[in-house]
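Understanding the architecture of this molecule
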Amino acid sequence: MPLLVSSNAMTQQPQDEFDTSVENAEAWMKAIQERLRINDNTKGPRSALEARLRETEKICALEPEGRLKMDLVLMKADALLRCISEEEKHEILSKLKDIKAMWEETAIYITHCHSRIEWVWLHWSEYLKAQDEFYAWIHNMKVTLEPDIELQLGLKEKQWQLSHSQVLLNDVLNQSVLLERLLEEAASLFNRIGDPSVDEDVQKKMKVEYEEIKAEAQCRVKLLEKITKEHEQYKTNVDQFQSWLNGVTERLNCCIGETTKSPADNGLKTLQNIAKDVKRGEKKLKCLEVQSTGVIQNTSPQGAGKMKDELEELRKALEKLKLISGEEEERMHKILKSESAYQSQARQLEAEIQEFRKMLQRLEDDLESGEKPKSEEDLVALWRKYIATRAVLAAEESKVERLKAQLKELFRFSQNVQPLSDDVITAVQEYQRVKGKTFKMSTGTETELRQSFQNPLQEFQLWKPSAQRLLDSTANVAEPSLTHAFLLQTEACLAQSSQFKEQLMMLQLKKDLLSSIFGEERVKSLLVEVTDTTKEREFLHKSLLQRRSRLQSLVTQHKDFDGGFVPLQKKLSAVRAKVDVENEPQPDLLGKETRLQRLQMIQEELAEFIVQMEELENLVQSNPAHRHKMNQLSSDYQTLKRSLEIILARTAKHVREHWAFNNKLSDLQRWITMTERKLESYQDASAERNMESRVADLEGLLAEFPGKEIQLHLVGAHGQLVIERSSPEGAAHVHTAMNQLTESLRSLKKMTISLLSSIQPNTTVVDTGKNITVVGNTLMTGLAFGSSEVTLKHSQANVSKEEENSHLLKLMKDFEEWLHVENDKLSNIFVMKPSSFEDVKAIHSKLKELQSRVPEGQRLFEDLRSLQTVNGTSEDVEDLRYQWMLYKSKLKDSSSSLVGEQASELLVLKIL
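Residues numbered from 1 in each chain as written. Predicted model: local features only at pLDDT ≥ 70, side-chain atom pairs only at ≥ 80, totals over all residues. Heavy atoms only, no water.

Going by an unreviewed UniProt entry, the protein chain carries the name Nesprin-3 and comes from Gopherus agassizii.

If you want it as structure tokens, here you go:
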């Protein structure tokens, strides 16, 4: 006889656990609030403020502990609410509301207290840094303004000297804003902290020193402006004379060029006028010589010599003006230069049009090359190909605009550009046609996929009324002639119900694929509909099983116990043999999905088995021997059921893992394929193609490689999980796919670097594995994951360079050892095989512990970067940075997927 347990006894333990968790959480929050109250103060020296800052940082680090306590309270409350009455729930919910409010108050207090102290600390630090920079600027300005003004070579040098002095003066004037801000910050800090280092005497001293610098800079600028203005006036007169000289020369050249076309009288008259102009020019030249005397006094000896030489050259040019010729030759040269520029740009545009049309033809041929999809997998692959092609066409939109811009530039020439204009229009029309065709094909394929995934739900809604009618028709059947026919109909409905179960299960396993087709919001509603449909199917299936058992009982007219027990025992043995066979690992995703379907069918058989056992129970009420056999059979059934549920959950998890691996692998393979096509188009392109655009595209591709290499590591992590859950043949296939993917990415990177080097022979591409650097003639561009430049200053002048490097190497070693230990812990968590719900909780706790130490690792790495020097250790630090980013990515991925999947697998164990 089963034991009856009172409701009070059943709820006492959850009540106690809930009360204990609430008391622990309240005690923890009160202790934290008391510590915050003690440290919530910004007055005092810098050392005291730093101590309070470190204390609040420790308190902030304890916030995950408080959140864990709150999670425990919520978990215990959930367990208690499930087993108490509605009147008692109000009290529990009230306590939950209070403890949540207290937690929110504590969390806000933690954040505000730490932020307030940290703000004052940072404010003080920034002020000290700005003060040091201000005094360094004062010193530099004194050193700069101390020497006397030097005589300069010429006007440009005098203008540079004046510009430099004006820049210094502007710098001085601009520093007034910084000084005012610095004084305001000092006053603000003095009000907050009361430290003598920011009192009024210090502020007055800073202002006096600034005013002295300002007066000196203004005097220097006034003197230089006077000297420069005199030289500018002289230079203007020289330029005017030179302009006049050029005008006369141009008139002479025009006269020479038109000698054969115009009458001789006109040419002679022009030459006489030019001779009169030359005489007037000699008087202007004498005036320039007088003016140059005052300018030479404020010019360096070398500059004065150049001015004299310049005047002499003007005199010589004036004397030889009649000998100038060649204007006609220069004009013809300009015409030829214009023709050459047009031909070059036209050839380049023609080559880019041909390349663009070849690319469109390749994409169109690729769209039409595929066979008609025969399965759902083929349809998904075809849809992904169309989406990738649309992405490529969208990326080529910039090329279309570039072709139009190049054609527009050709219109400024006088040549006929109509053929090129027709070619550009044709290329744009082809682009629009291929783009529209791709959109139409992808939309059609997506519609087929949507219909394919929604068919099971629609078919179930059509099947459900017929199954309900069958249940209603057989509710009170007693006619022997109708029983057999109804039994056959029930068997057919059960078979169709099992088929629906397989289809609905596959829809739930393909969540990622559905998201990419329907979108996140639509998939959520679709999965809710699938869940509801699954529940309806399970209810109908159970009803059909009961109805079939009743009909079978009527057909067999209640056979005796032995006649019913032996077949049940044999059936259970046969099911157990099937379950034992399914423990073998499968080679691929199809095998795993097939095994999942077989296990679901076996589960259906077990569901039928329990119904038959219930019918057989009616025959064993008064027979102890039969009762013993039935108890043993029931025990064997429960053991087999638990084993089957565990295998079923594990197999479903393996299918999800394999789907995730295939999706990530396909994404990276698709990117590699599209990039290879783009590089092939660059190799096929003519040499006249726009070099700048190709170089920009290749450098953009190189910038993507570090991120893709991290993505390759993540694919490898998913692949390792698949290998562990697959047969040796399947594992070898996954290994081969990963090796091929790695080799393809390596070859693609090598191909990109080689193509960039061939386009720019003077460019050197340096690849260190995690850092790709493009070095040109005068420019070096670093393309690296997470690269940064840090300029450091020594805080103490008496620390030698060797001591600094020694300290840096020690920090690097310490951080590398710390990261190695954390990586080992994470690897150990990956290989753990939980056998109970407690094991899953332990894994979750260990991951939380690793996550809580990430700020510590970030602090160690920031300390390392703060001492980094520029004499050869930056590459090692960049390597550590890459390892650190990879570790954080693996930890985040494991926290979101590993524990959730293991927990779903063991949920059955917890329920049992």
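1. Thoughts on the overall build of the protein chain
Counting its regular elements, the protein chain contains 24 helices and three strands. Of all 912 residues assigned to the protein chain, the portion counted as buried reaches 38%. Taking the intrachain contacts of the protein chain between residues at least 6 apart in sequence as the baseline, contacts between residues at least 24 apart amount to 81%. Counting every atom, the protein chain has about 52,200 Å² of accessible surface; 53% of that belongs to carbon and sulfur. (Helix = DSSP H or I, 4+ residues; strand = E, 2+ residues; numbered from the N terminus. Buried < 20%, exposed > 50% of the residue type's maximum accessible area, 1.4 Å probe, protein only. Contact = heavy atoms within 4.5 Å. Areas by Shrake-Rupley, 256 points an atom, 1.4 Å probe, with all protein chains shown as cover.)

2. Thoughts on the nonpolar core
Among the nonpolar cores identified, the biggest contains 52 residues, and F18, F134 and W137 are the most heavily contacted of them. Looking at this core, the elements with two or more residues in it are α1 (7-39), α2 (46-61), α3 (63-81), α4 (86-145), α5 (155-193) and α6 (200-257). Per-element accounting of this core gives the leading share, 19 residues, to α4. Domain assignment of the residues forming this core places at least three in each of domain 1 (8-144) and domain 2 (194-337). Ignoring sequence-local partners within four residues, the contact set of F18 consists of V73, K76, A77, L80, I92, K95 and L96. (Core = buried A, V, L, I, M, F, W, Y, C linked by side-chain atoms within 4.5 Å. Domains from an automatic or database assignment.)

3. Let's talk about the pattern of salt bridges
Counted under the stated rule, the structure contains 24 salt bridges. Measuring nitrogen to oxygen at the nearest pair gives 3.9 Å for the salt bridge that ties R402 to E352. One end of the pair, R402, is in helix α11 (residues 397-410); the other, E352, is in helix α9 (residues 327-369), and 50 residues separate them in sequence. Across this residue pair, the class does not change: R402 and E352 are buried. A salt bridge links E743 to R746, with the nearest nitrogen and oxygen atoms 2.7 Å apart. Within this pair, E743 and its partner R746 are both found in helix α20 (residues 728-759), separated by three residues, close to a single helical turn. The partly exposed category is assigned to E743, whose relative accessible area is 42%. Among the charged side chains, a salt-bridge network with shared partners connects K653, E657, E724 and R725. (Salt bridge = Lys/Arg side-chain N within 4 Å of Asp/Glu carboxyl O.)

4. Points about the side chain of H658
Within the secondary structure layout, H658 lies in helix α18 (residues 624-684). You can call H658 buried: its relative accessible area is 5%. Polar side-chain contacts of H658 include one of 3.0 Å to the side chain of K592. Residue contacts for H658: discarding those within four places in its chain leaves D588, L589, K592 and V722. (Polar contact = N/O pair within 3.5 Å; in protein donor to acceptor, adjacent residues only side chain to side chain.)

5. Section: the environment of L81
Along the chain, the position of L81 falls in helix α3. L81 sits in the buried class, given a relative accessible area of 18%. Taking C-alpha positions, L81 is 9.0 Å from P14, a pair spaced 67 residues apart along the chain.

6. Description of α11
The end-to-end C-alpha distance of α11 is 21 Å, a good match for the 20 Å that 14 residues give at a rise of 1.5 Å each. Considered for burial, the residues of α11 that qualify are K399, V400, R402, L403, Q406, L407 and L410. Along the long axis of α11, the arc covered by the buried residues comes to 160°, so they all point the same way. (Expected span 1.5 Å × (residues − 1). Arc of directions from axis to C-beta.)

7. Re the packing of aromatic side chains
All told, the structure shown has six aromatic pairs when counted by the stated rule. Where W28 meets W103, the ring centres are 6.1 Å apart and the plane angle is 40°; that geometry is what we call tilted. Of this pair, W28 sits in helix α1 while W103 sits in helix α4, and the two are 75 residues apart along the sequence. For W28, a relative accessible area of 10% translates into the label buried. An angle of 80° between the planes, with centres 5.7 Å apart, marks the rings of W671 and F705 as edge-to-face. With a gap of 34 residues between them, W671 in helix α18 and F705 in helix α19 (residues 691-724) connect regions that are remote in the sequence. (Phe/Tyr/Trp six-rings, centres within 6.5 Å; stacked < 30°, edge-to-face > 60°.)

8. Some remarks on a negative patch on the surface
A cluster of like negative charges, contributed by E282, D309, E312, E313 and E319, occupies part of the molecular surface. The dominant element in the negative patch, judged by the number of residues it contributes, is helix α8 (residues 301-319), at four residues. If you trace the backbone, E312 turns up in helix α8. (Patch = residues over 30% accessible without salt bridge, like charges linked within 9 Å, V, L, I, M, F, W, Y side chains within 5 Å. Lys, Arg positive; Asp, Glu negative; His and termini not counted. Charge placed at Lys NZ, Arg CZ, Asp CG, Glu CD.)

9. Comments concerning the packing of α3 against α4
A pair of packed helices can be characterised by two numbers: the angle between their axes and the separation between those axes. Where α3 contacts α4, the two axes come as close as 11 Å, and the packing angle between them is 170°. Judged by the inter-axis angle, α3 sits roughly antiparallel to α4. Contact with α3, carried on its side by E63, G66, R67, M70, V73, L74, A77, L80 and L81, involves K89, I92, L93, L96, I99, K100, W103 and A107 of α4 and no other residues of that element. Taken together, the residues of the contact of α3 with α4 break down into 12 nonpolar, one polar and four charged. (Axes fitted to C-alpha atoms, helices over the stretch in contact; angles between N-to-C directions. Parallel < 35°, antiparallel > 145°, perpendicular 65-115°, else oblique. Nonpolar A, V, L, I, M, F, W, Y, C, P; charged D, E, K, R; others polar.)

10. Some details on the side chain of H114
Tracing the chain through its elements places H114 in helix α4. The residues touching H114, leaving out its near neighbours within four places in the chain, are L53, T56, E57 and C60.

11. Focus: the confidence of the model for the protein chain
When pLDDT is averaged along the protein chain, the result is 75, and 75% of the positions lie at 70 or above. With pLDDT under 50 throughout, residues 259-265 is counted as low confidence; its partners more than four residues away or in other chains account for zero contacts. When the criterion is pLDDT under 50, residues 869-873 qualifies, and its contacts beyond four places in sequence or with other chains add up to eight contacts. (pLDDT = per-residue confidence, 0-100.)

12. Section: the environment of D423
With respect to the secondary-structure elements, D423 resides in helix α12 (residues 418-473). Taking relative accessible area as the criterion, D423 reaches 28% and is therefore assigned partly exposed. C-alpha of D423 to C-alpha of E350: the two residues are 73 residues apart in sequence and 8.1 Å apart in space.

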